[in-house]
Amino acid sequence: MSSAGEGTTRRDNRRRIVTVAVVVLVLVSAHLWYGNRHNFLDLRIYWEAVRWWAHGHNLYDYARPDPVEGSLPFTYPPFAALLMLPLAWTPYLAAVAVFSLVNLVAIGLTTWWLVAPVARRHDQPRWYLVALAVPLVTALEPIRETVTFGQVNLVLAALVVGDLLVAVPRGSRLAGVGVGLAAAIKLTPAIFIVYLLITRRWRAAATAVGTAAAATLLAAAVAPHASWRFFTQAMWDPHRVGHLDRITNQSILGALARLAAPVEPNRAVWLVLGVLAAGYGLVRAARAAAAGDELSGVTLTGIAGSLLSPVTWDHHLYWFVPALVVLVDAATSGARHRRALIGFAIAVYLTVTVAPIQWFDWGLDPRYQHGIAGFFIDNWFLLLMIVLLVALPVRAAPREETGDETVTAMDARRYTKIANE
């Protein structure tokens, strides 16, 4: 490289470093202003529950009193409790530090896996786009809530994303292990086993099923009574995780519960709507994977699972992060309706950061709680997920992202056609 070229590169890198520093400063200031609203409440429940269990009590008899929900029990499968058991002998503040560090590492890893291929395709330094993306990701409501609640959602996302975007495309022998572990820790990631099946990754699907089964059987061998209690009683009671009609429950069942309150929602209606939404999302996910756009396929599957689940708290909705990556990448890659895509991406980012579903908590005039305005505010994340399920573009991804180095003319035409549909 000539000295002039080296000088240009140094100037570009200085500008990039300044840009990253400004973004980090703004986001750190925003986090400090916003504050820690939840004081690691969910982590406190994990910590107390496993200590209760370690002292000989039944795990699923534990409940923490709560002024809003009445009581908050331990809701995860026994395998998750087994992994958390070391918390029983860990000081609480040390547990907070460890969970926070693990969540930050998960944010960094998942953002790298999502953004680095996009940077490579757009001929941008990977460190630069990832360094820009990480602080922006931390501002999103689901990410913020996961960290300040001390939740496990980012760990589950790292297991799933690392498995499906790294291990599976590379044909790793361990492909499927991450999805299986995530499904054993929490039931909702099991939808990604369905994704592996409909995309005909038979070996990875079998590995995921085997891993989930082995982890569950291990927990059953160590804690047979807790396992029996969970799988015969606790897992069938959605009220254990809180009131279904709370605004922060952004699943289809949550919306139906709010519409039906104070009576119970019609479960048959929920099942029909949930299966239709999940089925449509999985069909689109399979088409995306067949076109070579694994990220859109994984994102659509995550959204489909969030819609179908009876309880989808706002901190469960990690899948807005890869959706934003897909939208921005498609908008900057020559897809049709570029302005609409970038406008939609901005709207998603802003309204998932300054979440409308929290506006009433922030003192919004209660006159807006009812009617059309109230419906949109109460169900904003749900409505965004429905739009994304239908409109998330399938990118004309080069074959290099799926492990091959060339793209045939036929493949390129097929990718372009799907991306423009």
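Nothing here was measured: the structure is a model prediction, and the numbers come from that model.

## Overview of the pairing of strand E1 (residues 63–66)
Now for step 1: One ladder, built from four bridges, connects E1 with strand E2 (residues 70–73); its direction is antiparallel. Bridge pairing in E2 places aspartate 66 opposite glycine 70.
Now for step 2: Remark: three residues form the turn of the hairpin made by E1 and E2, two consecutive strands paired antiparallel.

## Notes on helix H2 (residues 41–54)
Now for step 1: For H2, with 14 residues, the first-to-last C-alpha span of 20 Å sits near the 20 Å given by 1.5 Å per residue.
Now for step 2: Of the residues making up H2, those classed as buried are Asp42, Leu43, Ile45, Tyr46, Trp47, Ala49, Val50 and Trp53.
Now for step 3: Looking at the buried side of H2, the elements it contacts are E1, E2, helix H3 (78–84), helix H4 (92–121), helix H6 (141–149) and helix H11 (224–232).
Now for step 4: Just downstream of H2, glycine 56 is the residue with a positive phi angle, here 95 degrees.

## Topic: the packing of H4 against helix H5 (residues 126–138)
Now for step 1: Running from amino to carboxyl end, H4 crosses H5 at an angle of 135 degrees, the nearest separation of the two axes being 9 Å. It follows from the interaxial angle that H4 and H5 lie oblique. Judged by the sense of rotation from one axis to the other, the crossing of H4 with H5 is right-handed. Residue-level inspection shows Ile107, Gly108, Thr111, Trp112, Val115, Ala116, Ala119 and Arg120 of H4 in contact with H5, the latter providing Arg126, Trp127, Leu129, Val130, Ala133, Val134, Val137 and Thr138.

## Points about a nonpolar patch on the surface
Now for step 1: There is a patch of nonpolar side chains on the surface, built from Val194, Leu197, Ile198 and Trp202 and spanning about 360 Å² of accessible area.
Now for step 2: Looking at the nonpolar patch element by element, the count peaks at three residues for helix H9 (residues 191–198).
Now for step 3: Look at tryptophan 202 and you get exposed, because its relative accessible area is 54%.

## Section: the nonpolar core
Now for step 1: Counting residues in each nonpolar core, the largest one holds 113 residues, and the members touching the most others are Tyr46, Phe74, Leu87, Leu114, Leu164, Tyr318 and Phe320.
Now for step 2: Among all residues touching leucine 164, those that are not within four sequence positions of it are Pro169, Val179, Phe192, Tyr195, Leu196, Glu294 and Val298.
Now for step 3: Counting six residues, the second-largest nonpolar core is a separate cluster that includes Val23, Leu27, Tyr128 and Ala139.

Conventions used here
- Residues numbered from 1 in each chain as written.
- Predicted model: local features only at pLDDT ≥ 70, side-chain atom pairs only at ≥ 80, totals over all residues.
- Heavy atoms only, no water.
- Pairing = 2+ DSSP bridges.
- Helix = DSSP H or I, 4+ residues; strand = E, 2+ residues; numbered from the N terminus.
- Expected span 1.5 Å × (residues − 1).
- Buried < 20%, exposed > 50% of the residue type's maximum accessible area, 1.4 Å probe, protein only.
- Contact = heavy atoms within 4.5 Å.
- Axes fitted to C-alpha atoms, helices over the stretch in contact; angles between N-to-C directions.
- Parallel < 35°, antiparallel > 145°, perpendicular 65-115°, else oblique.
- Left-handed = near helix turned anticlockwise from the far one by under 90°.
- Patch = residues over 30% accessible without salt bridge, like charges linked within 9 Å, V, L, I, M, F, W, Y side chains within 5 Å.
- Areas by Shrake-Rupley, 256 points an atom, 1.4 Å probe, with all protein chains shown as cover.
- Salt bridge = Lys/Arg side-chain N within 4 Å of Asp/Glu carboxyl O.
- Core = buried A, V, L, I, M, F, W, Y, C linked by side-chain atoms within 4.5 Å.

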